[in-house]
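Below, each chain spelled out in residue letters.
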Amino acid sequence: VANKRGLYTHWISVQRDITDRKHTEQALRQSDERFRRVVENALDIITIIDPTGQIHYASPSVEKVIGYSPNELVGRKFFDRIHSNDLERVYKDTIDVWQNSTSALPIEFRYQHQNGSWKVLEAVSQKFIDDSPEPRILINSRDITERKRLSEISLALERERELSEIKTR
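A brief structural summary. (Residues numbered from 1 in each chain as written. Predicted model: local features only at pLDDT ≥ 70, side-chain atom pairs only at ≥ 80, totals over all residues. Heavy atoms only, no water.)

1. Let's talk about the sheet that holds strand β3 (residues 107-112)
Ordered in space as β2-β1-β5-β4-β3, the five strands form an open sheet in which the pairing is antiparallel. Each of the sheet's edge strands pairs with one partner strand only, and the pair in question is β2 (55-58) and β3. Across this sheet, the average inter-strand angle for adjacent strands is 35 degrees, counted without regard to direction. Here six bridges tie β3 to strand β4 (residues 118-128), and the two strands are oriented antiparallel to one another. Each bridged residue has a counterpart across the sheet, and for phenylalanine 109 the counterpart in β4 is leucine 121. Sitting on the sheet, helix α4 (residues 84-100) touches β1 (45-49), β3, β4 and β5 (136-143), and the angle it makes with β3 is about 120 degrees. Along the sheet, helix α5 (residues 145-168) makes contact with β3, β4 and β5, crossing β4 at roughly 125 degrees. (Pairing = 2+ DSSP bridges. Helix = DSSP H or I, 4+ residues; strand = E, 2+ residues; numbered from the N terminus. Axes fitted to C-alpha atoms, helices over the stretch in contact; angles between N-to-C directions. Contact = heavy atoms within 4.5 Å.)

2. Quick word on the side chain of serine 141
Structurally, serine 141 can be placed in strand β5. For serine 141, a relative accessible area of 2% translates into the label buried. When near neighbours in sequence (up to four residues on either side) are disregarded, serine 141 contacts Asp44, Ile45, Leu121, Glu122 and Ala123. (Buried < 20%, exposed > 50% of the residue type's maximum accessible area, 1.4 Å probe, protein only.)

3. A look at the nonpolar core
The biggest cluster of nonpolar side chains holds 21 residues, and the ones touching the most others in it are Ile49, Ile66, Leu73, Phe78, Ile82, Phe109 and Tyr111. Secondary-structure elements contributing two or more residues to this core are β1, β2, α2 (61-66), α4, β3, β4 and β5. With residues near it in sequence (within four places) discarded, phenylalanine 78 still touches Thr47, Ile49, Gly53, Ile55, Phe109, Tyr111 and Ile139. (Core = buried A, V, L, I, M, F, W, Y, C linked by side-chain atoms within 4.5 Å.)

4. Notes on the environment of valine 90
Along the chain, the position of valine 90 falls in helix α4. The class for valine 90 is buried, based on a relative accessible area of 1%. Along the sequence, valine 90 and leucine 43 sit 47 residues apart, while their C-alpha atoms lie 21 Å from each other. In this structure, valine 90 is in contact with Phe79, Ile82, Ile107 and Phe109, ignoring residues within four places of it in sequence.

5. Considerations on the pattern of salt bridges
With the rule as written, the count across this model stands at 13 salt bridges. The closest approach of N and O atoms between aspartate 86 and arginine 110, which form a salt bridge, is 3.0 Å. Highlighted residues: aspartate 86 in helix α4 and arginine 110 in strand β3, separated in sequence by 24 residues. Exposure remark for aspartate 86: the relative accessible area of 8% places this residue in the buried category. Arginine 110 sits in the partly exposed class, given a relative accessible area of 28%. (Salt bridge = Lys/Arg side-chain N within 4 Å of Asp/Glu carboxyl O.)

If you want it as structure tokens, here you go:
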């Protein structure tokens, strides 16, 4: 506040208690950090794609499972590395999730590892709504290559036992 000569003699200020807002912001930061750590340390691959199949996010576990760093996959097409015999089914199921807003049942498909080998993945998809203009699809994939291999070995052993039993009879 200025006096008649234009010199400032007093100050007026407004104060607001923002303690609650600061606590809320801190709680939100902690929650974000906790969920980020969970996703980054999960063994499953978490991928977010748009309806065209372009990858917008790939969790760090993608490197352990299929050999690509997340940065190598972001911006590329999710469907490009799916085995040609599985591609149509996976594409149809994924697009169905986007169009119908439902979670898909688990599907199995082969995905090419960076070294050229094939990994068998089991995945579930669901619509993922965030701040992007169009909805995206969240795909949670798990490597079941060893489980499939062991299952095949178990079936082969069972057949061997049956054949041995038949020969014995």
